[in-house]
Amino acid sequence: MRIKKANAVLSLFIIALLLIHMGYEFYSYLTFYYNPLVTKIISYGFAISVSVHVVLTIIIVTTRHDGSALRLYPKANIQTILQRASAAGILLLFPVHIKTGDLIAGHLVGEPVLYLLLAAQLLFWCMVMTHIAVSFSRALITLGVLESIKKKLVIDRIVWILCAIAFAASAAIVIRVQMALYYM
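*Asks:* A description of the overall build of the protein should follow, citing residues and the corresponding values.
*Replies:* Each helix and strand in the protein was counted, giving five helices and zero strands. In sequence order, the protein lays out its α and β elements as α-α-α-α-α. Expected size for 184 residues packed as a compact globule is a radius of gyration near 16 Å; at 18 Å, the protein falls within 12% of this value. When its C-alpha atoms are laid out on the principal axes, the protein stretches across 50 × 30 × 30 Å.

*Asks:* Give a description of a nonpolar patch on the surface that names residues and reports values.
*Replies:* Together, Val-154, Ile-158, Ile-161, Leu-162 and Ile-165 make up an exposed nonpolar region whose accessible area comes to about 480 Å². As for its placement among the helices and strands, Leu-162 is situated in helix H5 (residues 149-182). By relative accessible area, which is 53% here, Leu-162 ends up exposed.

*Asks:* Break down the environment of Lys-4 for me, citing the residues and quoting the values.
*Replies:* Structurally, the position occupied by Lys-4 is in helix H1 (residues 2-31). Between the C-alpha atom of Lys-4 and that of Met-184, which follows or precedes it by 180 residues, the distance is 48 Å.

*Asks:* Requested: an account of helix H4 (residues 111-142), with residues and values cited.
*Replies:* Taking 1.5 Å of rise per residue, the 32 residues of H4 would be expected to cover 46 Å, and the 46 Å separating its terminal C-alpha atoms lies within 8% of that figure. At Ser-135, H4 is bent by approximately 35°, the largest bend along its length. Positioned one or two residues after H4, Gly-144 has a phi angle of 80°, which is positive.

*Asks:* Residue-level account of the confidence of the model for the protein, with values.
*Replies:* Regions with low pLDDT should not have their predicted coordinates read in detail. Summing up the model confidence of the protein, the mean pLDDT is 90 and the portion of residues at 70 or higher is 93%. Averaged pLDDT values over the elements of the protein bottom out at 91 in helix H2 (residues 36-63) and peak at 95 in H4.

*Asks:* Could you give an account of the pattern of salt bridges, with specific residues and numbers?
*Replies:* Across all of its chains, the model carries two salt bridges by this definition. Close ionic contact of Asp-102 with Lys-99 constitutes a salt bridge, the shortest N to O distance being 3.6 Å. Within this pair, Asp-102 and its partner Lys-99 are both found in helix H3 (residues 78-105), separated by three residues, close to a single helical turn. Looking at Lys-99, the relative accessible area reads 42%, which means it is partly exposed. A salt bridge links Lys-152 to Asp-156; the nearest nitrogen and oxygen atoms lie 2.5 Å apart. Linking Lys-152 with Asp-156, this pair stays in helix H5, spanning four residues, or about one helical turn. Judged by its relative accessible area of 17%, Lys-152 is buried.

*Asks:* Help me get a handle on the environment of Val-55, residues and values and all.
*Replies:* Note on placement: Val-55 falls in helix H2. The spacing of Val-55 and Ala-180 is 125 residues in sequence and 38 Å in space, taken between C-alpha atoms.

*Asks:* Describe in detail unusual backbone geometry, supporting the description with residues and values.
*Replies:* Here the phi dihedral of Phe-32 falls at roughly 55°; this positive angle occurs in a residue that is not glycine. A positive phi angle, near 50°, is found at His-107, a position not held by glycine. On the secondary structure map, His-107 appears in the loop between H3 and H4.

*Asks:* Lay out the packing of H1 against H2 in plain terms, naming residues and giving numbers.
*Replies:* When two helices pack together, you describe them by how their axes are tilted relative to each other and by the distance separating the axes. Viewed as axis vectors pointing N to C, H1 and H2 meet at an angle of 155°, and their least axial separation amounts to 9 Å. When the axis of H1 is compared with that of H2, the two are roughly antiparallel. Crossing hand, H1 versus H2: left-handed. In the contact of H1 with H2, the residues fall into 16 nonpolar, nine polar and two charged.

Reading the values: rules and limits
Residues numbered from 1 in each chain as written. Predicted model: local features only at pLDDT ≥ 70, side-chain atom pairs only at ≥ 80, totals over all residues. Heavy atoms only, no water. Helix = DSSP H or I, 4+ residues; strand = E, 2+ residues; numbered from the N terminus. Rg over C-alpha atoms; globule rule 2.2 N^0.38 Å. Patch = residues over 30% accessible without salt bridge, like charges linked within 9 Å, V, L, I, M, F, W, Y side chains within 5 Å. Areas by Shrake-Rupley, 256 points an atom, 1.4 Å probe, with all protein chains shown as cover. Salt bridge = Lys/Arg side-chain N within 4 Å of Asp/Glu carboxyl O. Buried < 20%, exposed > 50% of the residue type's maximum accessible area, 1.4 Å probe, protein only. Expected span 1.5 Å × (residues − 1). Bend = angle between axes of the 7 residues up to and from the residue. pLDDT = per-residue confidence, 0-100. Axes fitted to C-alpha atoms, helices over the stretch in contact; angles between N-to-C directions. Parallel < 35°, antiparallel > 145°, perpendicular 65-115°, else oblique. Left-handed = near helix turned anticlockwise from the far one by under 90°. Nonpolar A, V, L, I, M, F, W, Y, C, P; charged D, E, K, R; others polar.

Dropping the structure here:
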């Protein structure tokens with residue numbers, strides 16, 4: 001149980017880091033200000049934290065068989081299925097997320113690839129926000145902070161709404177700025 005609690009604390013810390021990362025990148029994109037040192041410090045701290053989170057999650061799932069019977073009750077386990085599917089999507093799209101800005105700003109791709117990269121970025125942010133939305137209250141439950149099912153449902157709704165807003169903001173900024181960079 002200690003590993004699960006440590007992972008829950010880490011996941012909440014990662015959400016805070018993500019907010020810092022997104023806030024700085026939004027500012028950078030909107031003002032066309034870019035400081036590679038600040039971006040790298042934030043990004044590497046975030047990437048290291050996420051890597052530890054992934055390793056702890058793999059340990060929890062494989063050694064503790066946590067949620068190993070998902071196929072038996074798919075409706076009851078929809079959040080766990082969404083959590084794992086979004087995590088897999090994040091891991092698959094993460095390299096694309098990292099390289100997209102360089103590829104677009106450097107005009108290293110043609111227009112059809114530009115649209116594929118933009119679609120991949122949107123899918124990446126959709127996966128990130130879905131993962132947070134299905135995971136946030138679970139972390140609070142693991143830590144013993146949240147015990148009421150009614151409160152969980154309220155928190156889930158609030159987090160889904162906030163994640164939808166964050167996704168919409170990400171989509172608008174990513175599309176606007178990366179298209180502007182491409183056509184400069």
